[in-house]
Structure formats: C-alpha cells, structure tokens
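Examining the three-dimensional arrangement
Below are the chains, spelled out letter by letter.
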Amino acid sequence: MAGRRTNLALLWASVLALATGAAAFLVGTPSGAWVVVAHGVVSLAIVVLSPWKTVIVGRGLTRRRTGRWLSMGLTAAILLVLATGVLLVTGQVEEVGGLTMMQLHVGFGLLVVSLTLAHTLQRPVPHRAADLSRRNVLHAGGLLAAAAGLWVLIEGILDVALVPGRERRFTGSHEIIDAALVPATQWINDSVQHLDHDSHEIDILGTVHTVAEIEAGGDTVEATLDCTGGWFTTQDWSGTRLDRLIRPDAGMSVVVRSVTGYWRRFPIDQVDRLLLATHIAGRPLPDGNGGPVRLVATDRRGYWWVKWVSAIEVDERPPWWQPPLPTA
Ligand SMILES: Nc1nc2c(c(=O)[nH]1)N[C@H]1C(S)=C(S)[C@@H](COP(=O)(O)O)O[C@H]1N2
Ligand SMILES: [Mo]
C-alpha cells in the first residue's frame, strides 16, 4: 500500500509539473506568478518523494523484471530535468553545447513525459476508491507542505547567495540591463532578417507605411521583454502605438505578421498596449532584434513581440483563434 501511494503521488506530481510548466510560458503579468511558484512546488514534491521511490526501485531491481532499462532511463531523465531546473533558477550557467538551459530543461521534460507514459503503461497503478481516503488526503497535504517548505528554503538561499544585479522576475527570468546585450532570439527556426530601412514597407489594414512614418509616431513606452528562454530586459521602446493606426471597433482581433511568416493574434481592445517600435533605448533596432520595425507587446511574453513586421490585419475571428504558442 505504501508503495502504491508513493507511485500514485509521483504520477500526480509529474502531471501537475507538466501542466504548470507549460502554463508558465503563458504568464506575462504578476497575477500569474502563482503558476510559476506552483511549478516549483510540485517539482520539489517529486524530490521529497524520491527516498520512498528509491526503496520501491530497489525492490524492483532485485526482481529483474522487463522494463528495467526503461525505468533507469526515466530515472536519469528525471535527474536531468531537476538539475537543469535548478541551473535555470540560479542562472549561473546559460548554455551547454549550443542549447540554452531552458531548451535543455524543456527537452528533458518532454523525454520524461514520454518515458513516464511508457513506464505507466507497462506498470499501471490502477486508481481505487480507497485512494481518496481521509488518510491519503492528509498524506498528500503533508507532502505539499514539505515541498512548499523546501521551496521557501531554496528561495531564501538563492536570495542570499545570488550575485547582485542578477534580478529575477516573477517568471523566474534573469535580467539583462544593457540594451546592447539583448540577444537575437528566435522562437524555433526563424533566421535573422536584414531588411532595408528605406525601402521596407509595412501594410497596415491595406495601407502601405514606410519605416520613417512609424518612426515619426513619437511614442515611447517602457516595457519588459521577457523571453521564455529565461531572461528579461526592461527598455524604452519608440515608434507608433497601434491605437493611432487601428480603431478599436475595426474588428474582433489584430494579426501582426513578420516577413518570415511568424505571426500572433491580439484582442483588438488591446491596440493601445501594442507599439510598432523602430528604436530601443534611443537607438535604431539592430537587425537581430527585429529592425527596422518590431512589435512591443506590453505585459506579454517575448514570443508575442513579432520581429521584422511586414503586415497588420484586422478580422472578425476571436483573439484565441491561434495556436497557444507559435509553431515556427
Ligand atoms: N519573426 C519572429 N519574431 C519573433 C521571434 C521569432 O522567432 N520570429 N521570436 C520571439 C521570441 S520567442 C522572443 S523572446 C523575442 C526576442 O526578441 P529579441 O531577438 O530582440 O531578443 O522575439 C520574438 N519575435
Ligand atoms: Mo523567447
């Protein structure tokens, strides 16, 4: 029974870690900070359970059942997810072998998901009515309390031990202060575009605009670009606010497109929070950062900040009519 309980708790903690991890990518404002905290706590619940699981694994290994290699692979993958998670949080190591720590963390995470699926199919833990007994609910509560305690402890250590100047945001991202050091970051496989400042045109609701026109808008907003890769930067961005070009009753949603085909859709009542930017911190946007013109989407994560904007359209589709995360 105790082994069953551990396995069930592990399964549920893994499912919650996956769900909160995926949801953390959607968080852009402090009201969603709890999702990121929850991801930390349920992940630590897996750590808290590990001594009990070690006992179960020890028993299993002496029996030489099929699926041993799968179990060992799964254990290794889980250790790698936890290790990359810790490295992400501390921010001391940013890249290994050309991959960012977040790419490694998500990659190992997806590996764990597929191995867990295979492992659970091979060794199913059927739920029983007794699983929801008062005693087990108390156990689950105790587990969460222990994990939360561990989370508070780790946060405390990080606060004291982290190098000053490496502020962490509620998303867990680390700060880049100098605008010149903002990396050229692609979501998946876009490549940096080199567009000509004078001849590039932006089609906005069927009307062609030059970069010079966007520059002349004279709007400057301070906004935070927070990449799901684990860094953020707060800068002054200048150009033209979209509410100067699009009326809020022009349709249901606004689609912003890049010359690369990358696009994102926004609710039309948020046009006053979207800026077509030509400058960062008073300087023209470098090609890598989306020059000559990119979108600044206040309070939204980096993948909304479409670079190398070529067109803006309005239509009657609802704003959620798009993949939750970009696909290119
Ligand atoms: N066209 C295009 N725009 C894009 C992306 C992309 O891959 N293609 N990546 C987005 C992501 S994930 C982030 S974090 C920011 C990064 O902006 P930066 O390159 O200025 O750091 O651009 C966003 N805009
Ligand atoms: Mo990003």
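Residues numbered from 1 in each chain as written. Chains lettered and ligands numbered in written order. Predicted model: local features only at pLDDT ≥ 70, side-chain atom pairs only at ≥ 80, totals over all residues. Heavy atoms only, no water.

In this section: the site of ligand 1. Around ligand 1 there are 22 residues in total, and Pro 183, Thr 185, Asp 190, Arg 294 and Lys 307 lie nearest to it. Taking Pro 183, its main chain carries an N or O atom lying 2.5 Å from an oxygen atom of ligand 1. Note that an oxygen atom of ligand 1 is positioned 2.4 Å from one of the side-chain N or O atoms of Lys 307. Surface burial for ligand 1 is 99%, taken as the share of its 530 Å² of free accessible area covered by protein chains. Among the residues forming the shell around ligand 1, the class breakdown is 12 nonpolar, 7 polar and 3 charged. (Near = heavy atom within 4 Å. Polar contact = N/O pair within 3.5 Å; in protein donor to acceptor, adjacent residues only side chain to side chain. Areas by Shrake-Rupley, 256 points an atom, 1.4 Å probe, with all protein chains shown as cover. Nonpolar A, V, L, I, M, F, W, Y, C, P; charged D, E, K, R; others polar.)

Our next topic: the domain arrangement of the protein. Split by domain assignment, the protein resolves into domain 1 (3-175) and domain 2 (179-315). Taking only C-alpha atoms, the centre of domain 1 and the centre of domain 2 are 36 Å apart. At the interface, 15 residues of domain 1 touch 12 residues of domain 2. Interface area, domain 1 with domain 2, both sides summed: about 1100 Å², of which 52% is carbon and sulfur. Considering only the surface of domain 1 that becomes buried against domain 2, Phe 25, Arg 169 and Ser 173 emerge as the three largest contributors, covering 42% of it. Seen at the junction of domain 1 and domain 2, the total is 1 salt bridge. When the shortest N-O distance is used, the salt bridge between Asp 226 and Arg 169 registers 2.7 Å. (Domains from an automatic or database assignment. Contact = heavy atoms within 4.5 Å. Buried area = accessible area lost by both parts, 1.4 Å probe. Salt bridge = Lys/Arg side-chain N within 4 Å of Asp/Glu carboxyl O.)

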